[in-house]
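Letter by letter, the chains look like this.
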Amino acid sequence: MRPQRLVDLLALVALALLALSAYLTWSTADPGIGRPVVHFNGYTVTKAPVTLALAAAVAVVVTKLAGTALRRVLGALIVLLGVAAISVSLQVRPTADELSRIRPELSQAVTDTVNLSSGPAPWFALAGEVALVAAGLIAVLTAHRWRRPTVRYERDPAATPADQWKAIDAGEDPTL
């Protein structure tokens with residue numbers, strides 16, 4: 001598989017896993033005493049991993065239009081976005097007090113204890129973030145082997161705008 005396609009595939013997998021983790025349960029809070037269990041999805045707990053993945057996906061798209069040096073810079077940016085997302089996912093473990101600000105029925109005024117448990121979503125997020133870091137590393141290491149952007153639609157620098165209009169009037173395409 002060509003490195004450019006591999007970067008695209010890894011970025012797509014990362015975006016899919018992070019989007020999935022945004023909708024799955026990150027934390028479950030059980031206030032006890034017959035009260036209903038409250039589930040918090042990833043987007044409720046933190047919006048950072050999905051936002052960073054979207055920014056990285058945009059950077060991957062821009063690499064298609066960039067030259068080698070800018071591809072390396074964008075690849076490094078993708079790595080940094082992936083590392084930032086990993087650090088956010090590993091550090092975000094909300095406490096009962098933090099969750100009670102989101103859902104008042106979990107506050108200490110209403111219930112004595114709140115039992116917290118984690119769901120599977122942080123693991124999906126972590127897998128997506130590792131895929132994002134891998135995509136960035138591959139982009140940095142193989143940027144010189146990627147196909148160059150096409151010059152098909154760029155105009156001839158020697159042609160003046162008047163010459164281009166004359167070509168259009170004659171039925172020719174001045175971009176070819």
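Coordinates for the structure precede this section.
Residues numbered from 1 in each chain as written. Predicted model: local features only at pLDDT ≥ 70, side-chain atom pairs only at ≥ 80, totals over all residues. Heavy atoms only, no water.

Asks: Just to check I follow, could you spell out the nonpolar core for this structure?
Replies: Counting residues in each nonpolar core, the largest one holds 19 residues, and the members touching the most others are V7, L10, A56, V60, I78 and L132. The leading source of residues in this core is helix α6 (residues 121–142), at 5 residues. When neighbours within four sequence positions are excluded, L10 is seen to be in contact with A131, A134, A135 and I138. Listed in part, the 11 residues of the second largest apolar core include W26, V92, L99 and A121. (Core = buried A, V, L, I, M, F, W, Y, C linked by side-chain atoms within 4.5 Å. Buried < 20%, exposed > 50% of the residue type's maximum accessible area, 1.4 Å probe, protein only. Helix = DSSP H or I, 4+ residues; strand = E, 2+ residues; numbered from the N terminus. Contact = heavy atoms within 4.5 Å.)

Asks: Just checking my understanding: could you explain the packing of helix α1 (residues 3–23) against α6 for this structure?
Replies: When two helices pack together, their arrangement is captured by the angle between the axes and the distance separating the axes. α6 packs onto α1 with a crossing angle of 160° between their chain directions and a minimal axis gap of 8 Å. By the angle between their directions, the pair α1 and α6 is classed as roughly antiparallel. Considering how the two elements wind past one another, α1 and α6 form a crossing that is left-handed. Along the lines of polarity and charge, the residues of the contact of α1 with α6 split into 19 nonpolar, 3 polar and 1 charged. (Axes fitted to C-alpha atoms, helices over the stretch in contact; angles between N-to-C directions. Parallel < 35°, antiparallel > 145°, perpendicular 65-115°, else oblique. Left-handed = near helix turned anticlockwise from the far one by under 90°. Nonpolar A, V, L, I, M, F, W, Y, C, P; charged D, E, K, R; others polar.)

Asks: Whenever I open this one, α1 confuses me. Can you help?
Replies: A turn of α-helix holds 3.6 residues, and therefore any two residues three or four places apart point the same way. Taking 1.5 Å of rise per residue, the 21 residues of α1 would be expected to cover 30 Å, and the 31 Å separating its terminal C-alpha atoms lies within 8% of that figure. Those residues of α1 that fall on the buried side of the exposure criterion are P3, Q4, V7, L10, A11, A14, L18, S21 and A22. All buried residues of α1 project into a common sector of 125° when viewed along the axis, lining one side. What points out from α1, more than 90 degrees from its buried face, is the exposed set L12 and Y23. Of the surrounding elements, those touching the buried residues of α1 are β1 (25–30), β2 (38–41), α2 (42–45), α3 (48–63) and α6. (Expected span 1.5 Å × (residues − 1). Arc of directions from axis to C-beta.)

As far as function goes, none of this settles anything; it's purely spatial.
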